Amino acid sequence: MHTQSLSPQDATGLLSLIGLVALFVSLLVLVRRTQRRRQEESKMTPSPAAKPFPQAGSYIQLLPYFKQADLRERQVVLRQVFEEWQANFLLRALDGQTEFLRGETQKRGLRYQLTSTSLAQALALFIQTQMAQDGDDSRGSFERLLAHLLAHPALDHPALSSWLSMPDLPTSPRLEPDLHAEAWILASLLAAKTQWGTLERFNLEEVFQERSQALLDALKSHPEDQDRVFSPLLLRMIAQQTPDPLWQTQSEADWQALRPLLREEEGLPGRRQALSLLQIGLEGLIFPDDGFAERSDLAFSRLKRALASQEPLEGELEEGFSRLASLSCCVPLALLYKNGEFAAQLWSRLSQAQAAKQDALGASMRLLAMMSMTGTLWLEKNEAEPTPITSE
C-alpha cells in the first residue's frame, strides 16, 4: 500500500484552513456570548406590582353588564391574547436595551425596512402597566419601550418622539410628532408611577415634566390644527400634573371640531373619530362625572351607526388604520350603552379576530378593548378635581 504524504505547501494550506474555521467558530461563540451578556444586562430587577393583573377596575360595580359576564374566563382569554401580542409584535433590538412594536414594512431604496409608530409604542407602554404581575419583566419591557421612544426624537421637538421610526436603520429619519400619541405616553408614565413607583433607567418625574411641557409648547405652536383627536381624558390627567389653561382650551376646541363629523358619517369610524370615541368611552367608564354626560348623546348616536352593520374586520379603513382598530375603539363606549346591549356580541368578535401581521396598532387596540370588557382597565387621577373642560 502506498501512502501519499502531504507536501509542505499542502500542510500549510490545511493548517490555514483549520485556523480560519477555528477563528470563525470563535467569532460566532464570542458574538453569541456578547448578545447573551447584553440581554442579561438589559434585564430589569423584578419589581412588585401595586396593581397586579387582574386588577378589578372601579367601573365593574356600576354596570349591569359585568354581573352577567364570566370575568374570570375572559381574563384567561385576555392573558393568552396578551402573550400572543408580545410574541407576534414586540421585538427587542440587538443591543437588548430597546424594544419596539413591529409595524408595517416600507420600501426604502432596494430594501424593505421595519417601521414602528409612536402611537403603537405608546399603547404598548400602557398595556405593560395594565398587564403587569409581581416579579415579571413588565417594568423592564416598559423601560425598553420608553428607551426606543427617547432614541427617536421628533423634528423641531426633540423632547417628543418622531411619529414614525425605522428601528433597523443606523439613523432613523426625524419626523414630526404625533401629539395624540404623546398624550398616551404621558398617561402611561403616570400609570407606571402608580404600578411600580419608580423605574431603574429613567427618572419618571423628569421624563414626564419634560415631555408634558414639550407637548404644551407643541400645542401652542399649532393652535389651528383642525384634525386633532379629541382627548378629554388624557388632557385632563396631564393637566393635573402640569397645570395650564391651554389643556382646557384645546379640549374644548377639539370637541367643537369633532361634533359635525359625529353627526354626519356612517359605518365604522375612521382614525380621528375612532380615537376620539375611545377617549369618550374610557372617560365614561373610569371618570363618569368628568363631563361624559354632556357628550354621551352625540357619541351614542355615532356608535349605533358604527355598529349597525356587521362589517368585516379585515383590511384598512384608511392608510395605517384597520377595521379591527376602529371597532376596538368603539368598545368602551358600547359598554355604557343600554346596559351593554352590544357588549356580548363585541366580545365574541374581538376574541375571535386576528390582527394582520403588520397591524400592531389594531392588535394593541384590540387588547385595550378586551381589557375594558374584562373589568381590568384602570387609571388613576389626583384627589384635586379639575374644572370640567368641555361643554355639551
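Here is a short report on the structure shown in this document. Predicted model, so just to flag it, every value in this text is computed and none were measured.

Of the regular secondary structure elements, the protein chain holds 14 helices and 10 strands. Each of the 392 residues in the protein chain was classed as buried or not, and the buried ones make up 52%. Within the protein chain, contacts between residues at least 6 apart in sequence are counted, and of these 73% link residues at least 24 apart. In the form shown here, the protein chain has an accessible surface area of approximately 18,600 Å², with 53% of it arising from carbon and sulfur atoms.

A few words on helix α12 (residues 323–335). In this model α12 runs 19 Å from its N-terminal to its C-terminal C-alpha over 13 residues, within 8% of the 18 Å that 1.5 Å per residue would give. Judged by how many residues are buried, α12 sits mostly within the fold: 12 of 13 residues are covered. Those residues of α12 not exposed but buried are Leu 324, Ala 325, Ser 326, Leu 327, Ser 328, Cys 329, Cys 330, Val 331, Pro 332, Leu 333, Ala 334 and Leu 335.

Backbone torsion omega between Phe 53 and Pro 54 reads -5 degrees, so that peptide bond is classified as cis. You can see Pro 54 is positioned in the loop between α1 (8–42) and α2 (65–68). The phi torsion at Asp 156 lies on the positive side, around 70 degrees, for a residue other than glycine.

Membership of the largest hydrophobic core comes to 114 residues, with the highest contact counts inside it found for Trp 85, Trp 184, Leu 189, Leu 303 and Met 373. Broken down by element, this core gets its largest block of residues, 11 residues, from helix α6 (residues 179–196). Ignoring any residue separated from it by four or fewer positions in sequence, one finds Trp 184 in contact with Leu 119, Ala 122, Leu 123, Phe 126, Leu 234, Leu 278, Gln 279, Leu 282 and Leu 368.

Let's shift gears to the packing of helix α10 (residues 271–286) against helix α11 (residues 292–307). Two numbers describe how α10 lies on α11: the axes approach to 10 Å, and their chain directions differ by 135 degrees. Of the possible angle classes, the one that applies to α10 and α11 is oblique. The chirality of how α10 crosses α11 is left-handed. Each of Gln 273, Leu 277, Ile 280, Glu 283 and Gly 284 in α10 lies in contact with α11, whose residues at this interface are Phe 292, Arg 295, Ala 299 and Arg 302. The residue makeup of the contact of α10 with α11, split by class, is 4 nonpolar, 2 polar and 3 charged.

Quick notes on the rules
- Residues numbered from 1 in each chain as written.
- Predicted model: local features only at pLDDT ≥ 70, side-chain atom pairs only at ≥ 80, totals over all residues.
- Heavy atoms only, no water.
- Helix = DSSP H or I, 4+ residues; strand = E, 2+ residues; numbered from the N terminus.
- Buried < 20%, exposed > 50% of the residue type's maximum accessible area, 1.4 Å probe, protein only.
- Contact = heavy atoms within 4.5 Å.
- Areas by Shrake-Rupley, 256 points an atom, 1.4 Å probe, with all protein chains shown as cover.
- Expected span 1.5 Å × (residues − 1).
- Core = buried A, V, L, I, M, F, W, Y, C linked by side-chain atoms within 4.5 Å.
- Axes fitted to C-alpha atoms, helices over the stretch in contact; angles between N-to-C directions.
- Parallel < 35°, antiparallel > 145°, perpendicular 65-115°, else oblique.
- Left-handed = near helix turned anticlockwise from the far one by under 90°.
- Nonpolar A, V, L, I, M, F, W, Y, C, P; charged D, E, K, R; others polar.

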